[in-house]
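Residue-level structure breakdown
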Amino acid sequence: MIIDDGILFRAAGEKDAATLAKLYDQAARWMLGRGIDQWKPGDKDAEHFRARMRDGEVWLAEDADGRLVGAYELWWSDEAAWGVQPPVAGYVHRLMVERKAAPPGTGMRILEHAEYRIARTGRERARLDCVSTNPKLLAYYRSAGYRVVGEFPSKVGKDGRVYGVVLLERRLDV
């Protein structure tokens, strides 16, 4: 457990999978309600999060009263977007914020926690991607110190839809 600015981080367990799926759906609906075509409700079920727990790390962020304020996935490779890479980076996925409970700045605190986890492994880069059609999210990550290092124009979604993603990375102090 790591406490950062009143936020407690803990590794997700099997019992958290349904909660993570619900948080994903809430985040997807929030985006769609603002005209952001990024995630679709129902795309990530509890089994998705269980698989990510087996293959990487999934973290929950809670406030001092134990209320969920966000979550994220941390992968150690992402060949679908980045291709085969040497083991120098961690890949942040599904950074989610519980809009009703999270204090301002929670998204950045979660991102900082992911960077901390990556740096603890001795890896020198944090990487992520966002859809090419989401300029607000791209600006958000750039404001957090990420730089665009490429674009993958033909990523294929679970539904067969092809879309482009911008690839971003940040060097970490290890």
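Everything numeric here is computed off the predicted structure, so don't read it as measured data.

So, how was this worked out
Residues numbered from 1 in each chain as written. Predicted model: local features only at pLDDT ≥ 70, side-chain atom pairs only at ≥ 80, totals over all residues. Heavy atoms only, no water. Helix = DSSP H or I, 4+ residues; strand = E, 2+ residues; numbered from the N terminus. Expected span 1.5 Å × (residues − 1). Buried < 20%, exposed > 50% of the residue type's maximum accessible area, 1.4 Å probe, protein only. Salt bridge = Lys/Arg side-chain N within 4 Å of Asp/Glu carboxyl O. Core = buried A, V, L, I, M, F, W, Y, C linked by side-chain atoms within 4.5 Å. Contact = heavy atoms within 4.5 Å. Pairing = 2+ DSSP bridges. Axes fitted to C-alpha atoms, helices over the stretch in contact; angles between N-to-C directions. Left-handed = near helix turned anticlockwise from the far one by under 90°. Nonpolar A, V, L, I, M, F, W, Y, C, P; charged D, E, K, R; others polar.

It is worth spelling out unusual backbone geometry at this point. Peptide bonds are trans in most cases, and residues, glycine excluded, mostly fall at negative phi. With a phi close to 50°, Arg94 is a non-glycine residue in the positive phi region. Relative to the elements of secondary structure, Arg94 occurs in strand β5 (residues 89-97).

This part covers helix α4 (residues 106-120). An ideal rise of 1.5 Å per residue puts 21 Å on 15 residues; α4 measures up with 21 Å between its terminal C-alpha atoms. The complete set of buried residues in α4 reads Thr106, Gly107, Met108, Ile110, Leu111, His113, Ala114, Glu115, Arg117 and Ile118. Gly122 occupies a position one or two residues after α4 and carries a positive phi of about 85°.

With that settled, the discussion passes to the pattern of salt bridges. The tally for this structure, following the rule as stated, stands at 19 salt bridges. A salt bridge links Glu73 to Arg94; the nearest nitrogen and oxygen atoms lie 3.0 Å apart. Of the two residues, Glu73 is situated in strand β4 (residues 68-75) and Arg94 in strand β5; the sequence distance between them amounts to 21 residues. For the pair Glu73 and Arg94, one class covers both residues: buried. Glu169 is paired through a salt bridge with Arg127; the nearest N and O atoms lie 2.8 Å apart.

With that out of the way, let us pick up the nonpolar core. With 26 residues, the main nonpolar core has Val92, Leu111, Tyr141, Tyr146 and Leu168 as its most contacted residues. Mapped onto this core, the elements with two or more residues apiece are β2 (7-11), β3 (57-62), β4, β5, α4, β6 (125-131), α5 (135-143) and β8 (162-171). Here the element with the most residues in this core is α4; it accounts for 5 residues. When neighbours within four sequence positions are excluded, Tyr146 is seen to be in contact with Leu111, Glu115, Ala126, Leu128, Tyr141, Leu168, Glu169 and Arg170. Counting residues in hydrophobic clusters, the runner-up holds 19 residues, among them Ala46, Met53, Ala71 and Met96.

Turning our eyes to something else, we now look at the pairing of strand β7 (residues 147-156). Both β7 and β8 contribute to a ladder of 7 bridges, which runs antiparallel. Opposite Glu151, over in β8, you have Val166 as the bridge partner.

On to the packing of helix α1 (residues 17-33) against helix α2 (residues 46-55). Interaxial distance between α1 and α2 falls to 8 Å at its minimum, and their mutual angle equals 115°. Two packed elements cross with a definite hand, and for α1 against α2 that hand is right-handed. Each of Ala17, Ala18, Leu20, Ala21 and Tyr24 in α1 lies in contact with α2, whose residues at this interface are Ala46, Phe49, Arg50 and Met53. When its residues are assigned to classes, the contact of α1 with α2 shows 8 nonpolar, no polar and 1 charged.

Tracing the chain through its elements places Asp129 in strand β6. Those residues in contact with Asp129 that sit more than four places away from it in its chain are Asp78, Ala81, Trp82, His93, Lys155, Val165, Val166, Leu167 and Leu168.

Relative to the assigned elements, Lys15 resides in the loop between β2 and α1. With relative accessibility at 66%, the residue Lys15 sits in the exposed group. In the structure, Lys15 is positioned 35 residues away from Arg50 in sequence and 9.3 Å away in space, judged by C-alpha atoms.

Another point: the environment of Ala51. Position of Ala51 among the secondary structure elements: in helix α2. A residue is classified by how much of its surface remains accessible, and Ala51, at 15% relative accessible area, is buried. Each C-alpha atom, one on Ala51 and one on Glu14, is 9.9 Å from the other, the two residues being 37 residues apart in sequence.

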